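Single-letter residue listing:
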4 protein chains.
Amino acid sequence: MQPEDSPALRALYASFEAEHLIPLWTQIDDLMPVHPRPKAVPHVWKWSHLLPLAERSGALVPVGRGGERRAIGLANPGLGGRPYVSPTLWAAIQYLGPRETAPEHRHSQNAFRFVVEGEGVWTVVNGDPVRMSRGDFLLTPGWNFHGHHNTSDKPMAWIDGLDIPFSYQNDVGFFEFGSDRVTDYATPALSRGERLWCHPGLRPLSGLENTVSSPIGAYRWEHTDRALASQLALEDEGFPATAAPGHAAIRYVNPTTGGDVMPTIRAEFHRLRPGSATPQRREVGSSVFQVFEGRGGVVLGGTEHRLEKGDMFVVPSWVPWSLWAEQAFDLFRFSDAPIMERLHFARSHIGADTP
Amino acid sequence: MQPEDSPALRALYASFEAEHLIPLWTQIDDLMPVHPRPKAVPHVWKWSHLLPLAERSGALVPVGRGGERRAIGLANPGLGGRPYVSPTLWAAIQYLGPRETAPEHRHSQNAFRFVVEGEGVWTVVNGDPVRMSRGDFLLTPGWNFHGHHNTSDKPMAWIDGLDIPFSYQNDVGFFEFGSDRVTDYATPALSRGERLWCHPGLRPLSGLENTVSSPIGAYRWEHTDRALASQLALEDEGFPATAAPGHAAIRYVNPTTGGDVMPTIRAEFHRLRPGSATPQRREVGSSVFQVFEGRGGVVLGGTEHRLEKGDMFVVPSWVPWSLWAEQAFDLFRFSDAPIMERLHFARSHIGADTP
Amino acid sequence: MQPEDSPALRALYASFEAEHLIPLWTQIDDLMPVHPRPKAVPHVWKWSHLLPLAERSGALVPVGRGGERRAIGLANPGLGGRPYVSPTLWAAIQYLGPRETAPEHRHSQNAFRFVVEGEGVWTVVNGDPVRMSRGDFLLTPGWNFHGHHNTSDKPMAWIDGLDIPFSYQNDVGFFEFGSDRVTDYATPALSRGERLWCHPGLRPLSGLENTVSSPIGAYRWEHTDRALASQLALEDEGFPATAAPGHAAIRYVNPTTGGDVMPTIRAEFHRLRPGSATPQRREVGSSVFQVFEGRGGVVLGGTEHRLEKGDMFVVPSWVPWSLWAEQAFDLFRFSDAPIMERLHFARSHIGADTP
Amino acid sequence: MQPEDSPALRALYASFEAEHLIPLWTQIDDLMPVHPRPKAVPHVWKWSHLLPLAERSGALVPVGRGGERRAIGLANPGLGGRPYVSPTLWAAIQYLGPRETAPEHRHSQNAFRFVVEGEGVWTVVNGDPVRMSRGDFLLTPGWNFHGHHNTSDKPMAWIDGLDIPFSYQNDVGFFEFGSDRVTDYATPALSRGERLWCHPGLRPLSGLENTVSSPIGAYRWEHTDRALASQLALEDEGFPATAAPGHAAIRYVNPTTGGDVMPTIRAEFHRLRPGSATPQRREVGSSVFQVFEGRGGVVLGGTEHRLEKGDMFVVPSWVPWSLWAEQAFDLFRFSDAPIMERLHFARSHIGADTP
């Protein structure tokens, strides 16, 4: 139901343009769809392609002040050449050569790292050196100084996740340079934050004020693995413990609140038993998965993709997805769910779509 | 500090593109600025231009199913022709001719109306008819059915505010048609929501569950005006009551929580004494003001604008602004502050910028 | 199942006593009953008895520093001569003769007043004079200085409610004398707190910090009465609004949170239509009611009591109660429900007891 | 300032008594003291006295349905022969002989156990068997079925803490018998709750709903010890980690919220370096300490007490206390602080009293 074309209407529209106005009635179908119609598309990036490109970057691109990080962002093919894996999230592979240092800086954007393989790098967060090893999930929440350095003779690659697109789009970001080197080159097995906070159910009296983001700098693989194995063992013994039959899962949380690790990013780890699958699910908001171990696949927006270690894929808002495991299948996941929940836009639909 | 150009680098960049990857080091200056550098620009829309265009639309553009509303959106000149007053907010002038009805629908997007002049329209929210009159602030929070109808022989115009850009950008919106007519053509002076909820400090026992958005459909001008007048009178009597000397202000709140009326939108009303001014202020997040009454101006990003009744202006993120009043000066304001606060991106700076 | 008596057992028990020990096994039936077995008993105090005693006190007992208040506390007959209406609550009739002043003091204990009849007294809370009139509910939350003075030539009586027994039992109370006179003898119709806060859904920008107790000093009868009348009118029109059919009710709340007015005391007002009754109800925690107007009765622990204006009764924990209205029946209620809810001891049972 | 004695006054007082009324002016000095004046007194119970009495009880007193538990409560000498260690808290030594079972029951009262020495008993909480060993802190929050059984050939003693006095005084308690035996005689090293929840910073997706009390049944000594040792090591390295110099401390928390383990009881563990001491401190609310290991003392209400392993002492409200350590000194502490904080009665004063 649009107005009939006429010279008067065209004159009106020209006046609109002159006055920086746009009518709703010509835009509403696009602006307010019946359900989310993301421009972002489902996409899979293969680790077997990502890692060699990161290695080539290692040879050609220095790391240092200005460029700041040798990080290569996943650019959603639907988002017009922007370095956004989704409208809210940034995901990248970062690469640090032997003995290299990525200088310290801080920014409003919340960041984490997840290590699918390798070791030898320490990230220094507000002066606290944090070891990075396979399976670890590491935090650098907004406005914490951080830099990285590789103590070994081998390069190391990992993934970074941030809320850069959200921050950019909404004009919320501040950025500040720190030391050109990291402020502490010590290489302890455990960071000070872990030593203070990683005792289950125990809170230091020196840390009774709740914090916006988790004070834990590193969530170690040994804990994640044990938590998931325990859930499956409990399921075997007949007790409720898993997220769904055959599907163990944990969420990384802020121990001061029990809530998400950072205000904009949720992170989880999922383990599927061989032969299991998850029901089709749609959710408001976008997610990125990385395969940590095992073999299986995802049906993503109706298309099936086989997945191997290190492969990453993005699930845009309201796109249906389901996982299936050929072998025991371990996946790291992060998403913008805290944004959706805090602003009360979260919705999900499990099962086949209604006609 | 960028890598030196070379055939190998160009080949690497071509490989990135082929694999849907974008390096951080070429983007970081734009992506992660030192402070917010909004693409949105400060801008003023004059009521004396808006209203005649709305009236011309009234003659040329039907209102009904499909187009849904005769609303004309303020398009920030910096946002590339999108109908966004800021990256998060939509602001529009809506116009309803004598005896017209805008059909019912509902959507995830949160909406409000503010009436700078006129009367005669009722908005029907989930079946509850709500009178619209000068100075009233009216809510249609996400997923509530609503339609409007004009009971009088005169047209009426008002402003709409929504979180359409945020919703669009982040793919969170759902939309559903309702009745083609409004479901109740009664024209009570007070809506049922007001009769249940608008008793200061009193909560019905039938409404003890907290709600995400305010259950009050209309915040009446008589209450707003009296609250502001009381603050100034208390100030005259020597008691703390105003936001700052000479500056009375209220926030519209959800009585079940004391917090903002909707999860994404804050609304306030400000009254400045003649001759007073506010200090320069920068804030993360964007705001829109509309002059309700009086005469004065705004210094916005370093440029001074004189303002009259109905004039609207947008303050993009981190752009400095200050108001000054020639006569008693009343302004309605709405913003995306709840988004910034809930996601912990809020920051502000009052006073002259540090060098 | 108790141990058999023997010299050895008696010697053991003597040793317990010598060491300040008491065995659980001899106490458990009393200490941990199957359901609450309050020592407090249901009781009704008739206004026709209370008021003459208050008047006689006016003639014989001075009001001033030391005794502080001419208040006469309701002493639950089951509580061994302590001035406690229940284990948590104090309720009293207070009486102030013409032109008398009760001096200022402050204490940790939370206090309120409710006025069943009369006028002419102002209570001064932290320097803010608050008029007291029929139907008003007035707050003096913990640690606020307060005094009262009678500006008229007639005496005035009202009821006080506090958490004195809870405070005494748990050793939480502090007390401090203030001015021997009230600090402001002005007699404004509205207190400054009301002028700042009593605008429905509007919050002053000068009051954005949430407060433990309500910033409203007086909840006026006109608002309470209108809120209740609106609920019944909405019910007549066919809309959900009342607590139960024929039963309108409001809770007095803190506008900064939507929650109870003070951390330990809940206050409500109930209105029953003529001929209506409430179902039998048991609740954990204790309540006190005062009839404000009308005629009806209460069935309290199985005994029926007819009630008239000013009559007060206490409902100890888990004692069943139901109200019935002969005429339109208005009752003020206060309770310790916030204690029960915050500590997660709240439970209720509606309807006839299960066998 | 009391009224003068007269026949009329005596008649008035007699009328008060007849009507179940008590005047405030004769009571206020006792009822509303300048600061808390607890009837409870500071007291120390020596483990060397407690344990032999528990052993004698083991010989003389059966454990089973009716008596329910072979628990011997600490009776504060100031509380008139009631089995209350303070007005809010119950503390007891419980003793279970070889192969004995204490039957299952549940109650509103929140309970925990702390093990100063021994092993061999499992407590079964809602069917989940939980091993009890030296240094462990174990929960049975309100309304969870629980029983105990000793799997060994040796007796075992531990301490129980509950909110029985609070519950009794305020009439909030419900009680229900369960199985006469425990429902699961398995003796796993870790309970199911621990296997699901005791992974630092990780939350099972099957447990995303927050719970009123902690889902962790046992807080193991190895974690507590490591947390405390880490704090002292960090302090040695020059980083902030301890509650005060030389004073490591943790609070046991609910991992779903980061808050106290149960709504009425706080539990903490404190470790003092040899030669260190804590400043004098007064707090609203009452606490109980038990020495876990080491040697030192407490100055409690001005009196010094030397303390050894197992010794217990109570700190009534607002009584000053300070600890000093001769050797490394480990103490378990529990208190009613959640009550005080949730009801906003909490206050503390550190340092010498002001004159």
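Preceding this section is the structure that the text describes.
The paragraphs below set out a description of the structure included in this document. These figures come from a predicted structure and were not determined experimentally. (Residues numbered from 1 in each chain as written. Chains lettered and ligands numbered in written order. Predicted model: local features only at pLDDT ≥ 70, side-chain atom pairs only at ≥ 80, totals over all residues. Heavy atoms only, no water.)

**Digging into the environment of D:V319**
Residue and element names in this part refer to chain D.
- Looking at where V319 falls in the secondary structure, it is placed in the loop between β21 (312-315) and β22 (321-325).
- Among the residues examined, V319 registers a relative accessible area of 11% and is labelled buried.
- Sequence-distant contacts of V319, that is, excluding residues within four places in its chain, are made with P38, P42, R281, R282, L300 and G301. (Helix = DSSP H or I, 4+ residues; strand = E, 2+ residues; numbered from the N terminus. Buried < 20%, exposed > 50% of the residue type's maximum accessible area, 1.4 Å probe, protein only. Contact = heavy atoms within 4.5 Å.)

**Describing the relation of the copies chain A and chain B**
- For the pair chain A and chain B, the superposition axis carries a translation of 0.0 Å, the fit reaches an RMSD of 0.0 Å, and the rotation angle comes to 180°. Both copies are brought into coincidence by an operation consistent with a two-fold rotation axis. For chain A, the residue whose C-alpha comes nearest the rotation axis is A:R342, separated from it by 3.2 Å.
- Both copies share a contact surface, since 99% of the interface residues of chain A are interface residues in chain B too. (Least-squares fit on C-alpha atoms with pLDDT ≥ 70 in both.)

**Re the packing of aromatic side chains**
- Scanning the entire structure with this criterion turns up 90 aromatic pairs over all chains.
- Where B:F269 meets B:F292, the ring centres are 5.6 Å apart and the plane angle is 80°; that geometry is what we call edge-to-face. Taken together, the positions of B:F269 in strand β16 (residues 266-272) and B:F292 in strand β18 (residues 287-293) put the pair 23 residues apart, joining distant regions of the chain.
- Both rings, one in C:W221 and one in C:F269, keep their centres 5.2 Å apart while their planes meet at 55°; by these two values the pair is tilted. In this pair, C:W221 is assigned in helix α6 (residues 221-236) and C:F269 in strand β16 (residues 266-272), connecting sequence segments 48 residues apart. (Phe/Tyr/Trp six-rings, centres within 6.5 Å; stacked < 30°, edge-to-face > 60°.)

**Digging into the state of the cysteines**
- In total, this model carries zero disulfides over all chains according to the counting rule given.
- Summary of cysteine pairing: D:C198 is not part of a disulfide, and the nearest cysteine sulfur, belonging to A:C198, is at 13 Å. (Disulfide = S-S within 2.5 Å.)

**Remarks on the sheet that holds strand β14 (residues 218-219) of chain A**
- If you walk across this open sheet you meet the seven strands as β14(A)-β9(A)-β6(A)-β11(A)-β4(A)-β3(A)-β1(B), and the pairing is antiparallel. With one partner strand each, in any of the chains shown, β14 of chain A together with β1 (21-23) of chain B form the two edges of the open sheet.
- As paired elements, strand β3 (residues 71-74) of chain A and β1(B) share three bridges and run antiparallel to each other. Directly across from A:G73, in β1(B), lies its bridge partner B:I22. (Pairing = 2+ DSSP bridges.)

**A look at the relation of the copies chain A and chain D**
- With an RMSD of 0.0 Å, the fit of chain A onto chain D corresponds to turning through 180° and sliding 0.1 Å along the axis.
- Mapped onto chain D, 100% of the interface residues of chain A again fall at the interface, so both copies present the same surface.

**A word on the sheet that holds strand β7 (residues 119-125) of chain D**
Residue and element names in this part refer to chain D.
- Ordered by their spatial adjacency, five strands build an open sheet running β8-β7-β10-β5-β12, and the pairing between neighbours is antiparallel. A single partner strand is all that each edge strand has here, and the edge strands are β8 (128-133) and β12 (175-177). Direction aside, neighbouring strands of the sheet carry axes that sit 25° apart on average.
- Pairing analysis gives six bridges linking β7 to β8, with the strands arranged antiparallel. Bridge pairing in β8 links T123 to V130. (Axes fitted to C-alpha atoms, helices over the stretch in contact; angles between N-to-C directions.)

**Considerations on the pattern of salt bridges**
- All chains considered together, the criterion is met by 104 salt bridges over all chains.
- For A:D5, the salt bridge identified is with A:R10, shortest N-O distance 3.0 Å.
- We classify A:D5 as exposed; its relative accessible area is 53%.
- A salt bridge links C:R134 to C:E293; the shortest N-O distance between them is 2.4 Å. In this pair, C:R134 sits in the loop between β8 (128-133) and β9 (137-140) while C:E293 sits in strand β18 (residues 287-293), placing the two residues 159 residues apart along the sequence.
- Classification of C:R134 by relative accessible area gives partly exposed; the value is 27%.
- For C:E293, a relative accessible area of 35% puts it in the partly exposed group.
- Each of A:R65, A:E68 and A:D180 takes part in a single network of salt bridges with overlapping partners. (Salt bridge = Lys/Arg side-chain N within 4 Å of Asp/Glu carboxyl O.)

**Describing the interface of chain A and chain B**
- If you look at the interface, chain A gives 90 residues, while chain B gives 89 residues.
- Between chain A and chain B the total buried area reaches about 8,000 Å² when both faces are included, carbon and sulfur atoms providing 68% of it.
- Interface area lost by chain A to chain B is led by A:D171, A:F174 and A:F345, which between them contribute 9%.
- At the junction of chain A and chain B, the tally comes to two salt bridges. (Buried area = accessible area lost by both parts, 1.4 Å probe.)

Nothing here speaks to function; it is all geometry.
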